[in-house]
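The residues making up each chain are set out below.
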Amino acid sequence: MKITNIFFFVFIFATSLGTIKSAKAQNGDQILDGIGETALSARYIFNGDVKDWSRNNLHGLATQINFINDERFGKVLSLSGGDQSFVSIPGKMIPNMESFSISGWFYFRSTKIGQSLFSYGKNNANRIAAITSGNAMPLGLKVLFPSKNLNAIEDHTVSLKLNQWVHLAIVFDISSKTISTFVDGKVAASTKFLPADVYTLLNSETRNNFIIGKSSEAGDGNLVANIHDFRIYRIGLNDKQVASSSGNSNTLTNGNQVNTKVKLEDDFPKFSPSTPQLYNKYLIKVADVDVSTTIGTSPRLPSHLKATYQKGIKKADVRVLWPTPMDNSVVLKSGRYSVTGSIPGTDFKPKANVIVKENMDEVLPQPKLKSFPLNKVTLSNDAHGQKTKFIENRDKFLTVLAQTDPNSFLFMFRQAYGQKQPESAHPLGGWDTEDTKLRGHATGHYLSAIAQAYSSTGYDKALQANFQKKITYMVNTLYELAQLSGKPVKGSRVYQSNPQAIPMGPGKTAFDSDLSTAGIRNDYWNWGVGFISAYPPDQFIMLENGAKYGGQKNQIWAPYYTLHKILAGLIDIYKATGNKKALSVAVNMGGWVFKRLNNLPQEQLIKMWNTYIAGEYGGMNESMARLYEITKNPDFLKTAKLFDNIKVFYGDRMHSDGLAKNVDVFRGLHANQHIPQIVGSIEMYQASKDADYYKIADNFWHKMIDDYSYSIGGVAGARNPSNAECFVAQPSSLYANGFSPEGQNETCATYNMLKLTGDLFRFDQRGELMDYYERGLYNHILASVAEHSPANTYHVPLNPGAIKQFDNGDMTGFTCCNGTAIESNTKLQNSIYFKSSDNESLYVNLYIPSILNWSERKIVIKQTTDFPKSDETKLTVNGSGKFAVNIRVPSWATNGFIIKINGKVQNDEAIPGSYLHLNRIWKDGDVIEVKMPFSFRLDPVMDQQNIASLFYGPILLAAQETEARKEWRKITLDAVDISKSIKGEPKKLLFDIDGVPFKPFYDSYGRHSVYLDVTLK
Ligand SMILES: [Zn+2]
């Protein structure tokens, strides 16, 4: 295939510049100029170095460049046009991009034609670049991009003035197929392009370097210009965003705050708010509802109400949206009041009649169930002997995990402690490089993953021995390093064992987060007894002193987040293998944390834990509670409590409301900063029996399901606030405020939601918990892994014609989501079965071929099925005895649920969304057969009903797209029976609607439409 270049020429007459504030990198750029941090791939301020100020560490390389002082921006990069005068950026910044935008301030000093502003790609025929053009003054600009469609050529002419600053932005917007060039915040030219060709270049396996100031082509010249604040975005910036980032905007946002009310206008498809959509068009009647609550606790209002429709539509309920106050002022005394809800697109105003009762004695839920250890459940092939998606994904991960070198995961720990590296040791990339303040986080995930891999591989002794060896090596090394902390080095008497009295690093005048080889402190003898981390203790101390998130030496990332991963990994190893050294490292570090935090005033802790990103502590409360449960040392329970997020859990220090009172004060906040805290809360309930912790977790879970989740089971992805990692600014407003162009459904958030769901199920065996678990497991976790490698997703975007982006297939550079992926995929079998704590009953939650060894009962259960390619499963009992088998009747099983025991149909009533109890004396060889006919159903976005996902049974079906789209894919379905409009082969899960192919989202690797614009007829 021949790829031809298309050039277009853009000449613009430079507009005069207004007064512009230079954006600073120093403030923690979570929302910079109204654009979320998640959109930023790389940012080079160029104020004396070529460092990347985004969190992606794509630092530049340069040999012969200068920085000069500029009146307007301070120190700026000055390129001379000389052969070596350029900055090269790792091509890794390009990977997994869809749309992208480049912006920066340029001060052109030469009229020469052919100066290269930037260039990415191998050669002239296949690159993205911008070069100066024109025949004489004024200077023009030419943007190059690959295309095989010559008809797309468009010429523009632009002019760029010499010797003055100009803000340039070049935006490749894949969904509108438009390249636009902005000068000083105003669009100067735009032209169409073919996204597929650019996409191929951006996502090609060979990583080219991105060069600023020089070209990959011999014909082009080098740039003679000054540059300030060069940024690369992974989204196509819109007009407002470019205007805002160039300072040429009246609506300049007060950035640097996450939860501001910033919502830039966007071109997201909009629908009339007064048009009833989908089934709401046929709505005749909606029933009011009675709800009761107790004083102080906000009532839990149902997400759906009973409804009647015309035209013989059998649907029995309708989605209702309720106002969601930020406090509990209406329920402070007993009595009655009513809440009026709304049904999008209609005039229906259903009421919830709330009775507020005096507080009664509460019955606290007890932990009734236990999960089976991983080594008791083994995944099997399906009924036809074929590998399931679960086995495929597990094996992709185990294969590469087995080949990893533990020294990579120990590299930064050794570097922190000033120890020699083994000869073959290579550091990790991603968020674990030398100057990443989060380094060590992947090590924690790795410890958990190898612990789980060890437990899960009993079927392959050689593989299991491999993981055992890794575990021993990792733990021994971490143990030896931890032993060094706070103890004198041989021959010296200088040391500080008290974690509260850690001095500044030798020769330093402040605590700092400098982790460079030249700048890092290695005086581990001063770090307090028990300390273990991949960096010195300074970040922990700086957080107490009010440090913010950011890239400077006086800023931090999230010290307790990293530590939580390490502690969780050590505890997981102890639990899986009984390794006492692992426990000892965790216990000693737990003691260090206790000593540091125990004397801090509560206000200070509240401030710390509410600092954006810097105060993100993962599930420290969970790990400390687990340490308490293992050791019974009350200090650990106390420490766990110090991690209470008072604001989110209780509203304030008086415990006025918050989640404990069912009040949502977390709207708009960072999703995965908070979900692990809730996982910690349920662990705290188990450890402390304090009922509030249970309520916090239970209320949070309901709010997640009702108000924040997408059809795949993921959350977050806010357009408002503008941050793909945040919850939308208002509950139940995914359409109004979600679907961020930067992506939604951060995969690690769903990992944590599944963990929370499994934990809650141990206390309360509600069917809806495992309904959600199944949804998230099949449609997000299983869908988050690449086809042929363990590369995996960060966000899973569900915008029209989106595509999944996978990375870290070689496990050498981890983001948060790459970290949880190695955990998720080494424990895929962990929730298929649960048992009661007294071993009297078994719960069958998921229909996945597997073998359960219930050793306490000497029972083996073999589950044989092709599910979800078949709607039945078979459980064979080996062994005998009296116990209950509780079989999940999924909420989607509305077409019947038939149980046969030894061929005989049982007459038990099966209610969708519950469990069917089969209590009897089982004999060896008994067979339980379950049939649950699948049907099609739509799962609409709560506030925009026509935008809906199509499910077949538990499986989300995605329309297979050939290109990116601006608009939702439209489909028309029969109102009474949607299956009439769908053709296909259920056994292969391949379907067709009006010629558009649909298949399971977990099997979709190309462009997809998970949400469709559905019309019923
Ligand atoms: Zn993540």
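Keep in mind that what you see is a predicted model, and the values were worked out from it rather than measured.

Turning our eyes to something else, we now look at the coordination of the zinc ion. At the metal site, the zinc ion is ligated by Glu746 (OE), Cys748 (SG), Cys816 (SG) and Cys817 (SG), and these contacts range over 2.1 to 2.3 Å. Every donor counted, the four donor atoms about the zinc ion form angles of 89 to 126° at the centre, which fits tetrahedral coordination. Each donor residue of the zinc ion belongs to the same chain, with the gaps between them written as E-x1-C-x67-C-C. The class of Cys816 is buried, set by a relative accessible area of 4%.

Now for the packing of helix α5 (residues 441-456) against helix α19 (residues 816-824). The geometry of α5 relative to α19 is characterised by a closest axis approach of 8 Å and an angle of 10° between their N-to-C directions. It follows from the interaxial angle that α5 and α19 lie roughly parallel. Contacts from His441, His445, Tyr446, Ser448, Ala449 and Gln452 in α5 reach Cys816, Gly819, Thr820, Ile822 and Glu823 in α19. Classifying every residue of the contact of α5 with α19 gives four nonpolar, six polar and one charged.

This next bit is on the environment of Pro365. In this fold, Pro365 is placed in the loop between β22 (351-357) and β23 (369-371). The class for Pro365 is buried, based on a relative accessible area of 17%. Here the alpha-carbon distance between Pro365 and Thr873, two residues 508 residues apart in the chain, equals 31 Å. Ignoring any residue separated from it by four or fewer positions in sequence, one finds Pro365 in contact with Tyr685, Tyr694 and Phe763.

What follows deals with the layout of surface pockets. It is the rolling of a water-molecule-sized probe over the atoms that shows where space remains empty. Space inside the second largest pocket adds up to approximately 1900 Å³. Lining the second largest pocket we find 50 residues, and of these His304, Asp317, Ser891, Arg937 and Leu938 sit closest to its centre. Looking at the lining of the second largest pocket residue by residue, the classes come out as 23 nonpolar, 14 polar and 13 charged.

What follows is about the pattern of salt bridges. In total, this model carries 36 salt bridges according to the counting rule given. Bridged by salt links that share partners, the residues Arg300, Asp698, Asp764, Arg766 and Glu768 form one connected network.

A few words now on the confidence of the model for the chain. Chain-level statistics for the chain give a pLDDT mean of 90 and a share of 90% at 70 or above. Between residues 1-29, whose pLDDT stays under 50, and residues either more than four places distant or in other chains, the model counts 111 contacts. Contacts from residues 150-155, a stretch scored under 50 in pLDDT, to residues over four places away or in other chains number 16 contacts.

The next thing to look at is empty space enclosed by the protein. Per the counting criterion, the structure on display carries five cavities of 30 Å³ or more. Lining the largest cavity are 15 residues, with Trp431, Tyr561, Glu616, His670 and Cys816 positioned closest to its centre. Counting residues domain by domain, the lining of the largest cavity receives three or more from each of domain 3 (404-485 + 505-643) and domain 4 (645-820). Of the pockets and cavities examined, the second largest cavity occupies roughly 40 Å³. Top element by residues in the lining of the second largest cavity is helix α4 (residues 406-416). It accounts for four residues. Residue classes in the lining of the second largest cavity are distributed as four nonpolar, three polar and one charged.

Scoring rules and cut-offs
- Residues numbered from 1 in each chain as written.
- Predicted model: local features only at pLDDT ≥ 70, side-chain atom pairs only at ≥ 80, totals over all residues.
- Heavy atoms only, no water.
- Donors = N, O, S within 2.8 Å, 3.2 Å for Na, K, Ca; no water.
- Tetrahedral: all angles 85-135°; square planar, octahedral: opposite > 155°, others 65-115°.
- Buried < 20%, exposed > 50% of the residue type's maximum accessible area, 1.4 Å probe, protein only.
- Axes fitted to C-alpha atoms, helices over the stretch in contact; angles between N-to-C directions.
- Helix = DSSP H or I, 4+ residues; strand = E, 2+ residues; numbered from the N terminus.
- Parallel < 35°, antiparallel > 145°, perpendicular 65-115°, else oblique.
- Contact = heavy atoms within 4.5 Å.
- Nonpolar A, V, L, I, M, F, W, Y, C, P; charged D, E, K, R; others polar.
- 1 Å grid on protein atoms, 1.4 Å probe; cavity = no way out; pocket = protein on both sides within 12 Å on 5 of 7 lines; lining within 4 Å.
- Points joined across faces, edges and corners; volume = space filled by probe spheres on them.
- Salt bridge = Lys/Arg side-chain N within 4 Å of Asp/Glu carboxyl O.
- pLDDT = per-residue confidence, 0-100.
- Domains from an automatic or database assignment.

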